[in-house]
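Notes for the structure review
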Amino acid sequence: MQHYPTHTDNELLRMLSQNDEFAFAEIYNRYWKLLYSSAHNILQVKATAQDAVQEVFISLWKRRADIQIDALQPYLHQAVRFQVFKAIRAEKTDQQFFNRLAMITRDILFEDPMLFKELETLYQQLIHALPADEQEIFRLHRDSGLTYKQIAEQKNISVKTVEKKMSRSLKELRFGLDDALMVITTIYLLK
């Protein structure tokens, strides 16, 4: 029986392309913790970080016969970054994402006030572009700190309606801030 931990990444990739499950297991064992740590540093959500890493390894296994990789570790790191950004876009990290955004903007405020001002202007423009009822609900929740139930009672609508309007508002904001956030996240979190 082969001793897989002694094989180089290139040897493991060659064996993987020949359907060697033990080579795949060695790659997984060798890089899982490192990739998880990288994903978790950005997402700050254990389950979502685990999902991102798992997706990378599932893709590696599915594409094992025809994937061309020059350097395994950089390839895996790039793949996990892609999964992290995909998770953010897929709204898997709703509240945690906004908490992380708050941390990023605090950093920007001190390191680059002009960039912060531009980001704040874009954010306000996106809020003003929301339909009036969604804008009001968004501000009551985010600015005034009211719960969905309190907003529903104040506006005499159902909590479900508040949830739907908040969800649409957040989706619009994420879509509008997507490019700016990806650049900022890349600059400030992946340094």
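Refer to the structure presented above.
For the structure given in this document, a descriptive report is provided here. Because the structure is a prediction, the values reported are computed rather than measured.

Let us now look at the pattern of salt bridges. Between side chains of opposite charge, a pair can form when the charged atoms approach closely. Tallied over the full model, the rule gives seven salt bridges. As a salt-bridge pair, D133 and K165 come within 2.4 Å of each other at their nearest N and O atoms. You can see D133 sitting in helix α7 (residues 132–142) and its partner K165 sitting in helix α9 (residues 159–189), a full 32 residues away along the chain. With relative accessibility at 31%, the residue D133 sits in the partly exposed group. Given a relative accessible area of 14%, K165 falls into the buried group. With a shortest N-O distance of 3.7 Å, E163 and K160 are connected by a salt bridge. Of this pair, E163 and K160 both sit in helix α9, three residues apart, which is roughly one turn of that helix. Residue classification places E163 among the partly exposed residues on the basis of a relative accessible area of 33%. A cluster of three or more residues bridged by salt bridges with shared partners is formed by D9, E26 and R30.

Owing to its 3.6 residues per turn, the α-helix aligns residues three or four sequence positions apart on the same side. Under the 1.5 Å per step criterion, the end-to-end length of helix α3 (residues 46–62) is 24 Å for 17 residues, consistent within 8% with the ideal 24 Å. Burial in α3 covers these residues: T48, A49, A52, V53, V56, F57 and L60.

One way to put it is that helix α2 (residues 21–43) packs onto α3 with a least axis distance of 8 Å and a crossing angle of 145 degrees. The interaxial crossing formed by α2 with α3 has right-handed handedness. Across the interface between the two elements, E21, F24, I27, Y28, Y31, W32, L35, Y36, A39, H40 and L43 from α2 touch K46, T48, A49, Q50, V53, Q54, F57, L60 and W61 from α3. Of the residues belonging to the contact of α2 with α3, the class tally is 14 nonpolar, four polar and two charged.

Procedures and definitions
- Residues numbered from 1 in each chain as written.
- Predicted model: local features only at pLDDT ≥ 70, side-chain atom pairs only at ≥ 80, totals over all residues.
- Heavy atoms only, no water.
- Salt bridge = Lys/Arg side-chain N within 4 Å of Asp/Glu carboxyl O.
- Helix = DSSP H or I, 4+ residues; strand = E, 2+ residues; numbered from the N terminus.
- Buried < 20%, exposed > 50% of the residue type's maximum accessible area, 1.4 Å probe, protein only.
- Expected span 1.5 Å × (residues − 1).
- Axes fitted to C-alpha atoms, helices over the stretch in contact; angles between N-to-C directions.
- Left-handed = near helix turned anticlockwise from the far one by under 90°.
- Contact = heavy atoms within 4.5 Å.
- Nonpolar A, V, L, I, M, F, W, Y, C, P; charged D, E, K, R; others polar.

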